[in-house]
Amino acid sequence: MISVKITGMFMLVAIFIWVGTYVLRTSPKEWFIYSAIVVIAGGLGVLKLLRWGPPTPLVLVSWILHPLSQFISNLQNM
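All figures in this text were calculated on a predicted structure; none of them were measured in a lab. (Residues numbered from 1 in each chain as written. Predicted model: local features only at pLDDT ≥ 70, side-chain atom pairs only at ≥ 80, totals over all residues. Heavy atoms only, no water.)

1. Let's talk about a nonpolar patch on the surface
Put simply, the test is: Patch criteria: residues need more than 30% relative accessible area and no salt bridge. Like-charged residues are merged within 9 Å; nonpolar side chains of Val, Leu, Ile, Met, Phe, Trp and Tyr are merged within 5 Å. Accessible surface is estimated by sampling points in the Shrake-Rupley manner with a 1.4 Å probe; for residues, cover comes only from the protein chains shown. When a carboxyl oxygen of Asp or Glu is within 4 Å of a side-chain nitrogen of Lys or Arg, the pair counts as a salt bridge. The rule is simple: take the accessible area with a 1.4 Å probe, protein chains only, and divide by the maximum for that residue type; under 20% is buried, over 50% is exposed, in between is partly exposed.
Taken together, the side chains of L60, V61, W63, I64, L65, L68, F71, I72, L75 and M78 make up a nonpolar region of the molecular surface, amounting to roughly 1,100 Å² of accessible area. Look at I72 and you get partly exposed, because its relative accessible area is 42%.

2. Overview of helix 1 (residues 2-23)
For the record, the criterion: Only runs of H or I of at least four residues qualify as helices and only runs of E of at least two qualify as strands under DSSP, and these elements are numbered from the N terminus. To estimate how far a helix should reach, multiply one less than its number of residues by 1.5 Å. Here, residues are in contact when the closest pair of their heavy atoms is within 4.5 Å.
If you check helix 1, its first and last C-alpha atoms are 32 Å apart, about what 22 residues at 1.5 Å a residue would give, namely 32 Å. Those residues of helix 1 hidden inside the fold are in contact with helix 2 (28-49).

3. Some thoughts on the packing of helix 1 against helix 2
Just so we agree on the cut-off: In this analysis an axis means a line fitted to C-alpha atoms, helices contributing only their contacting stretch, and an angle means the value between N-to-C directions, from 0 to 180 degrees. Under this scheme an angle from 65 to 115 degrees is roughly perpendicular, one under 35 degrees roughly parallel, and one over 145 degrees roughly antiparallel; angles in between are oblique. Each residue gets one label: Ala, Val, Leu, Ile, Met, Phe, Trp, Tyr, Cys and Pro are nonpolar, Asp, Glu, Lys and Arg are charged, and the others, such as Gly, are polar.
Where helix 1 meets helix 2, the closest approach of the two axes is 10 Å, and the angle between their N-to-C directions is 170°. Here helix 2 runs roughly antiparallel to helix 1, going by the angle between their axes. Facing I2, K5, I6, M9, F10, V13, F16, I17, G20 and T21 of helix 1, the residues of helix 2 in contact are W31, Y34, S35, V38, V39, G42, G45, V46 and L49. Per-class residue counts for the contact of helix 1 with helix 2 are 13 nonpolar, five polar and one charged.

4. Some remarks on the packing of aromatic side chains
Heads up, the condition is: In this analysis, rings of Phe, Tyr and Trp, with Trp reduced to its six-membered ring, are considered paired at centre separations within 6.5 Å, and the interplanar angle assigns stacked below 30 degrees, edge-to-face beyond 60, and tilted for intermediate values.
Tallying each qualifying case throughout the model produces one aromatic pair. Ring centres of W18 and Y22 lie 5.6 Å apart, and the angle between their planes is 85°; this geometry places the pair in the edge-to-face category. Residue W18 and its partner Y22 are located together in helix 1, separated by four residues, close to a single helical turn.

All we've got here are geometric facts, nothing functional implied.
Here is the structure:
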């Protein structure tokens, strides 16, 4: 059932880009930005359907700073 929802999401993204192609055909730069935003939004929608969200900024900071903290702790114990 989830694969049907994901296929529907991809089809919806394709339709939005297809319609945007006709509306924004005079401005390729605006079409590219519009398409990028639609693809990113579609990707986030698929991730939400899979119940997997992007990590929060706090997780990213802890992922970066934890090895640094361990290194400093090991230097103090020497």
